[in-house]
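# Per-entry structural report
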Amino acid sequence: DKQHAIDTALWLARSNYEVTFGADRPISERVIFPVSENESRGIEDARFVRFVDDDGTATYYATYTAYNGFEILPQLLQTDDFLKFRIHTLSGNAVQNKGMALFPRKVNGHYVMLSRQDGVNNYIMFSDSLRFWNDPKLLQEPIHPLEFVQIGNCGSPVETSEGWLALFHGVGPMRKYSIWAELLDIDDPSKVIGRLEEPILEADEHEREGYVPNVVYTCGSMIHEDALVIPYGIADQRCRVATLEIPDLLSRLKAYSNA
């Protein structure tokens, strides 16, 4: 009806907004708090990526989960300078779950996103628009006992000479989380060309207890020289940083290649 249309339009308008900080504000104090109704109970799991467009310009994006206490909604944050931030809603039949992670550049002229559609498997999708996502394709299913409850991506993949290096989490018995690595084809990232037979990170005896026990979780990684740097959360209570040597990791991934 007419009132529903008005309410929907107002909700959409309030969900797209801007936040601006002064240049004199230290970056550690540039905190974005929930603004819209759909974020009223939290802004969660932001997966940041430095996206380089075809013309060489760089923009920082983050997909995150808006939570209002009852429902979740994937949102997109955008900034060029970490002073002005634009928040956008996303549309399409694939915009329905947590864990969307944008690739750092287009592949074959398309934006590419990892996603979770059913709360169990990992999916990948391609689009001509950053804000519209449809037709997800199944990327991988759980195959290891430590993944049997569900799997999900751990942020945007990073580009290497051997392919797209992607991290994902597995959830096993007693809802124990672990972090894994896989390799996607550089020209067709819907193909998994290598993965490890064991996780790269699990909760150890010092990391098992906390607000959410048995959890190690990351929303992204980055390459520094020959190292993969992985900041990760522990039991929703503490943070650590892990590093892996890229040449060794790629060698192990290729050894267990599915190709």
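To be clear, the structure that these remarks concern was listed above.
This structure is a prediction, so every number in the text was calculated from the model and none was measured.

Summing up its helical and strand segments, the protein chain has two helices and 19 strands in all. Taking 18 Å as the expected radius of gyration for a compact globule of 259 residues, we find that the protein chain reaches 19 Å, a close match to that expectation. Expressed along its principal axes, the backbone C-alpha trace of the protein chain runs to roughly 60 × 45 × 45 Å. Taken across its 259 residues, the protein chain has 46% of its residues classed as buried. Partitioning the intrachain contacts of the protein chain with sequence separation of at least 6 by distance along the chain shows that 47% fall at a separation of at least 24.

This brings us to the nonpolar core. Grouped together as the largest cluster of nonpolar side chains are 22 residues, with contacts concentrated most on Leu 165, Leu 167, Ile 179, Ala 181, Ile 200, Leu 228 and Leu 253. Elements supplying a minimum of two residues to this core: β12 (163-171), β13 (177-184), β18 (227-234) and α2 (246-255).

Here we take up the pairing of strand β2 (residues 42-52). Here β2 runs beside strand β3 (residues 58-67); their pairing, made up of nine bridges, is antiparallel. Note on β3: the bridge partner recorded for Ile 43 is Ala 66. Counting the residues between successive antiparallel strands, the hairpin from β2 to β3 contains five residues, one of them, Gly 56, with a positive phi of roughly 90°.

Roughly 1200 Å³ of volume is contained in the largest pocket. Lining the largest pocket we find 48 residues, and of these Ala 46, Tyr 217, Thr 218, Cys 219 and Gly 220 sit closest to its centre. Size it by volume and the second largest pocket reaches roughly 250 Å³. Lining the second largest pocket are 14 residues; nearest its centre among them are Ile 32, Ile 43, Ala 46, Phe 48 and Leu 77. Where the lining of the second largest pocket is concerned, the elements lending two or more residues are β2, β3 and β5 (84-89). The element contributing the most residues to the lining of the second largest pocket is β2, with three residues.

Taken as a whole, this structure holds nine aromatic pairs when the rule is applied. Residues Phe 21 and Phe 85 carry aromatic rings whose centres are separated by 5.9 Å and whose planes lie at 85° to one another, so their mutual orientation is edge-to-face. Of the two residues, Phe 21 sits in the loop between β1 (17-20) and β2 while Phe 85 sits in strand β5, which places them 64 residues apart along the sequence. Here Phe 21 falls in the buried class, since its relative accessible area comes to 11%.

Looking at α2, one finds that the buried residues are Ile 246, Leu 249, Leu 250 and Leu 253. The arc enclosing the buried residues of α2, seen along the axis, measures out at 95°, which places them on a common side.

Glancing now at unusual backbone geometry. Phi is positive for Arg 175, which is not a glycine, with a value near 50°. Note that Arg 175 resides in the loop between β12 and β13. Arg 175 sits in the partly exposed class, given a relative accessible area of 44%. One non-glycine residue, Glu 225, adopts positive backbone phi at about 55°. You can see Glu 225 is positioned in the loop between β17 (222-224) and β18.

This structure, assessed with the given rule, holds one cavity of 30 Å³ or more. Around the largest cavity sit Asp 45, Arg 47, Thr 63, Tyr 64, Thr 65, Pro 74, Asn 97, Lys 98, Gly 99 and Met 100, which together line it. Those elements that provide at least two residues to the lining of the largest cavity are β2 and β3. The dominant element in the lining of the largest cavity, judged by the number of residues it contributes, is β3, at three residues. A class-by-class count of the residues in the lining of the largest cavity yields three nonpolar, four polar and three charged.

Parameters and conventions
Residues numbered from 1 in each chain as written. Predicted model: local features only at pLDDT ≥ 70, side-chain atom pairs only at ≥ 80, totals over all residues. Heavy atoms only, no water. Helix = DSSP H or I, 4+ residues; strand = E, 2+ residues; numbered from the N terminus. Rg over C-alpha atoms; globule rule 2.2 N^0.38 Å. Buried < 20%, exposed > 50% of the residue type's maximum accessible area, 1.4 Å probe, protein only. Contact = heavy atoms within 4.5 Å. Core = buried A, V, L, I, M, F, W, Y, C linked by side-chain atoms within 4.5 Å. Pairing = 2+ DSSP bridges. 1 Å grid on protein atoms, 1.4 Å probe; cavity = no way out; pocket = protein on both sides within 12 Å on 5 of 7 lines; lining within 4 Å. Points joined across faces, edges and corners; volume = space filled by probe spheres on them. Phe/Tyr/Trp six-rings, centres within 6.5 Å; stacked < 30°, edge-to-face > 60°. Arc of directions from axis to C-beta. Nonpolar A, V, L, I, M, F, W, Y, C, P; charged D, E, K, R; others polar.

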